[in-house]
Amino acid sequence: MTNSFSTTRRPRRARWLAVAAAAALVVAACAGGGSDNAADDCEPGETDGDLAFYNWADYMDEELLAAFEDETGVSVDYTVYESNEQMLSQVESEAAIYDLVVPSDYMVALMIEEELLLALNYDALPNVSNIDDAWDNPPFDPEHQYHVAYQWGTTGIGMTYDALDAIGGESTWAVIFDADTAAQVPGGISMLDDAPETVSAALKYLGYSITETIESGDEDAIREAGALLKATNDRLVKYDSVTFGDDLVNGEVDVAHGWSGGFAQAFFETDAYETHVYTIPAEGGVRWVDTMAIPHNADNVCSAHAMINFLLEAENGAALTNYTYYGSPNEAATPYILDEILEDPGIYPPPEVEARLEFIPHAGDMALLIQDQLTNAKS
């Protein structure tokens, strides 16, 4: 069984740097403090104050934070969130000011549109040359001005082999969305507490393209997915975006909708690969990349650049992936990544699965409608 996707690695790092540097100059008049762009005066490794770092839960090795503090003398105030929407709300409201955040691909596009991100100064990020060219100029930030890739992965279904056998040995979204198929599962079922992800899963089961549905503004398809989520709600044990891997391994559920690395981390920590598996359903799933970005109102922009550059060092990039069990966009980190991660098809899967995966696009005016579908389903 294949469980994820892989990318072909063809280094074009010099070209990427030239494009990125040019893009940074083009946007020198973006928001920020001090000069036209607060990042313009930052030098490699330069810091300008303590760092407020806002990241996903369970997505950072604390030893890396300690190493950064020891190397720079900067104190890191590290707080976590459980969804892109929670992070966006905090940045928009300015309830707290953050110097560095980790938005997913589609959220980067939204934050750019709302002028919530600061253009990066690539002169202060020499280690960006370590990033694999597969992440060059993506659709959510075509000129690569506002983000640097952090970790990547997929969204699918983790389950016990008993559950997989009970539904015929092939992974399918029907194990969640079809009442008769779900009834064959010996234990409980959970889904991510994340509107774009849950709606996307429902769309794939219904036979829709996630990208085409959202980009075309097909509200009827979104509402159909919402009705499916509503009909599914009663048979779910919970919605959870943090402990889904642990819940599966601990037996709280036998089927869980979740992210590849969350399952891999739980499986490796407990030797659960003998009894559990992460799968991409036959209908397809979501491919995503999380990024490092600097909010437009950050207080300590140079410190944020210093942290990005620090995490882009080859061994630090590997340490991050060795902790999170997600794929690394850092090509230079590959020799330092654990073999058990590099050889796991659920983390670095074969290319034939790539055709079944889609990015979640920036939803634009559809974002509220998508959020409403999960809210209504849970109500």
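Residues numbered from 1 in each chain as written. Predicted model: local features only at pLDDT ≥ 70, side-chain atom pairs only at ≥ 80, totals over all residues. Heavy atoms only, no water.

Trainee: Explain the pairing of strand β9 (residues 285–292) here, please?
Mentor: Moving residue by residue along a regular strand, the side chains alternate between the two faces of the sheet. Among the 8 residues that make up β9, 8 are buried, leaving the element largely enclosed by the rest of the structure. Across 7 bridges, the pairing between strand β4 (residues 148–160) and β9 is antiparallel. By the bridge assignment for β9, Gly-153 is matched with Trp-288. Pairing analysis gives 2 bridges linking β9 to strand β10 (residues 357–358), with the strands arranged parallel. The residue of β10 that forms the bridge with Gly-285 is Leu-357. (Buried < 20%, exposed > 50% of the residue type's maximum accessible area, 1.4 Å probe, protein only. Helix = DSSP H or I, 4+ residues; strand = E, 2+ residues; numbered from the N terminus. Pairing = 2+ DSSP bridges.)

Trainee: Help me understand the sheet that holds strand β1 (residues 51–56), please; the structure alone is not making it clear to me.
Mentor: Backbone-to-backbone hydrogen bonds pair the strands of a sheet. The strands run either parallel or antiparallel. With parallel pairing, the 3 strands of this open sheet are ordered in space as β2-β1-β3. In this open sheet, the two edge strands, each paired with only one partner strand, are β2 (76–81) and β3 (100–101). Relative to β2, β1 is paired through 6 bridges, and the arrangement is parallel. By the bridge assignment for β2, Asn-55 is matched with Val-80. Running at roughly 155 degrees to β2, helix α2 (residues 62–72) makes contact with β1 and β2 of the sheet. The sheet contacts of helix α3 (residues 84–93) involve β1, β2 and β3, and relative to β1 the element is tilted by about 150 degrees. (Contact = heavy atoms within 4.5 Å. Axes fitted to C-alpha atoms, helices over the stretch in contact; angles between N-to-C directions.)

Trainee: Would you mind showing me how to read the domain arrangement of the protein chain here?
Mentor: Interfaces are often sized by the amount of accessible area the parts lose when they come together. Domains assigned within the protein chain are domain 1 (42–152 + 289–348) and domain 2 (153–287 + 355–377). Between domain 1 and domain 2, the C-alpha centre-to-centre distance is 26 Å. Contact with domain 1, which involves 22 residues of that partner, is made by 21 residues of domain 2. Interface of domain 1 and domain 2: buried area, both sides summed, is about 1800 Å²; carbon and sulfur atoms make up 60% of it. Interface area lost by domain 1 to domain 2 is led by Tyr-106, Tyr-325 and Tyr-326, which between them contribute 30%. Inspection of the domain 1/domain 2 interface yields 0 salt bridges. (Domains from an automatic or database assignment. Buried area = accessible area lost by both parts, 1.4 Å probe. Salt bridge = Lys/Arg side-chain N within 4 Å of Asp/Glu carboxyl O.)

Trainee: Please clarify how the packing of helix α10 (residues 219–232) against helix α16 (residues 367–378) should be interpreted in this entry.
Mentor: Between two packed helices, what matters for the description is the angle formed by their axes and the separation of those axes. At a minimum axis separation of 8 Å, α10 and α16 run at an interaxial angle of 20 degrees. The pairing of α10 with α16 is recorded here as roughly parallel in orientation. Helix-helix and strand crossings are classified by hand; for α10 and α16 the assignment is right-handed. Note on element contacts: α16 touches α10 through Leu-369, Ile-370, Gln-373, Asn-376 and Ala-377, opposite Glu-219, Ile-222, Arg-223, Gly-226, Leu-229 and Lys-230. (Parallel < 35°, antiparallel > 145°, perpendicular 65-115°, else oblique. Left-handed = near helix turned anticlockwise from the far one by under 90°.)

Trainee: Explanation requested: the packing of helix α8 (residues 195–206) against α16 in the structure shown.
Mentor: One way to put it is that α8 packs onto α16 with a least axis distance of 8 Å and a crossing angle of 85 degrees. Between α8 and α16, the angle is such that the two are roughly perpendicular. Together, Ala-195, Pro-196, Thr-198 and Val-199 of α8 and Ile-370, Gln-371, Gln-373 and Leu-374 of α16 make up the contact between the two elements. A per-class count over the contact of α8 with α16 returns 5 nonpolar, 3 polar and no charged. (Nonpolar A, V, L, I, M, F, W, Y, C, P; charged D, E, K, R; others polar.)

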